Amino acid sequence: TKNTLIQGVTPFIFSRNANAGINQYPESDILLCNDDIEGLTDDDLSILEEIANKEPKLGLLSAKINGPACNQLQNNCTSTVEHTETNIAFICVYIKRALIKEIGLLDERFVHYGFEDTDYCHRTMVAGWKVGVTSRVEVTHLGSESFKKRYGPNLNGALAHGHMLFAQKYSQ
């Protein structure tokens, strides 16, 4: 398995940059990682792939996260796979291509901080796929450094915008 770093365009919009990377490999599963993680090893992609492929409907699989994450399971996972019924932060997440083909790419309307991963997890579960976390791959998340640089003291306002868009999308 070949690992390739794909540099996103500016201004930084997570969903747009993630989709650009996903589109570079239209037949492959994807390991989507933030630019503020440390500790990923050459073997981790193979480990995530092996775990995900043991469950045909496990569409999203997060590494265990040391540092900030929206789902406490991402910090506290102790098993090969633990499923969640809520969203996971896309800090270091394995995405099956079959899932992408079924539900599509990340929603690029989420242009500010957050909720593109919440939206994708929601769509995943509505489509009957599972979301999980594994303790077998562990990374350190330095904590939203890209967004802090972009938004500075306005980070909470950017997060509120994503929340509002998510609420509007699903209130219909």
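Let me begin by describing the structure that accompanies this report. Keep in mind that what you see is a predicted model, and the values were worked out from it rather than measured. (Residues numbered from 1 in each chain as written. Predicted model: local features only at pLDDT ≥ 70, side-chain atom pairs only at ≥ 80, totals over all residues. Heavy atoms only, no water.)

### Quick look at the environment of Thr78
Operational definition: In this text, helices come from DSSP runs of H or I with a minimum length of four residues, and strands from runs of E with a minimum of two, each type numbered from the N-terminal end. Whether a residue is buried, partly exposed or exposed follows from its accessible area with a 1.4 Å probe, protein chains only, as a fraction of its type maximum: under 20%, in between, or over 50%, in that order.
Mapping Thr78 onto the fold places it in the loop between α3 (72-76) and β4 (82-84). Take Thr78: its relative accessible area is 66%, and that puts it in the exposed class. C-alpha of Thr78 to C-alpha of Thr134: the two residues are 56 residues apart in sequence and 7.4 Å apart in space.

### Side note on the pattern of salt bridges
Where charged atoms from two side chains of opposite charge approach closely, those side chains can pair. What counts here: In the sections that follow, a salt bridge refers to a side-chain nitrogen of Lys or Arg positioned within 4 Å of a carboxyl oxygen of Asp or Glu.
For the structure on display, the rule yields seven salt bridges. In this structure, Glu55 and Lys130 form a salt bridge, with 3.9 Å as the shortest nitrogen-oxygen distance. Residue Glu55 is located in the loop between α2 (44-53) and β3 (58-66), and its partner Lys130 is located in strand β6 (residues 130-141); the two are separated by 75 residues in the primary sequence. We classify Lys130 as partly exposed; its relative accessible area is 40%. When the shortest N-O distance is used, the salt bridge between Arg123 and Asp119 registers 3.1 Å. Taken as a pair, Arg123 and Asp119 lie in helix α5 (residues 116-126) at a separation of four residues, close to a single helical turn.

### Notes on α5
Each full turn of the α-helix corresponds to 3.6 residues, which orients residues three or four apart in the same direction. Along α5, eight of the eleven residues are buried, which leaves the element largely enclosed by surrounding structure. Looking only at α5, the buried set comprises Glu116, Asp117, Thr118, Asp119, Tyr120, Cys121, Arg123 and Thr124.

### Let's talk about the packing of aromatic side chains
This is how it is decided: Two aromatic rings from Phe, Tyr or Trp, using only the six-membered ring of Trp, form a pair when their centres are within 6.5 Å; if the ring planes differ by under 30 degrees the pair is stacked, by over 60 it is edge-to-face, and anything between is tilted.
With the rule as written, the count across this model stands at three aromatic pairs. For the ring pair Phe90 and Tyr120, a centre distance of 6.0 Å and an interplane angle of 70° mean the geometry is edge-to-face. Here Phe90, found in the loop between β4 and β5 (92-95), pairs with Tyr120, found in helix α5; they are 30 residues apart in sequence, far enough to count as distant. Exposure class is identical for Phe90 and Tyr120. Each is buried. Pairing Phe115 with Phe166 gives two aromatic rings, centres 5.9 Å apart and planes at 40°, and the pair type is tilted. Of the two residues, Phe115 is situated in the loop between α4 (97-103) and α5 and Phe166 in helix α7 (residues 155-170); the sequence distance between them amounts to 51 residues.

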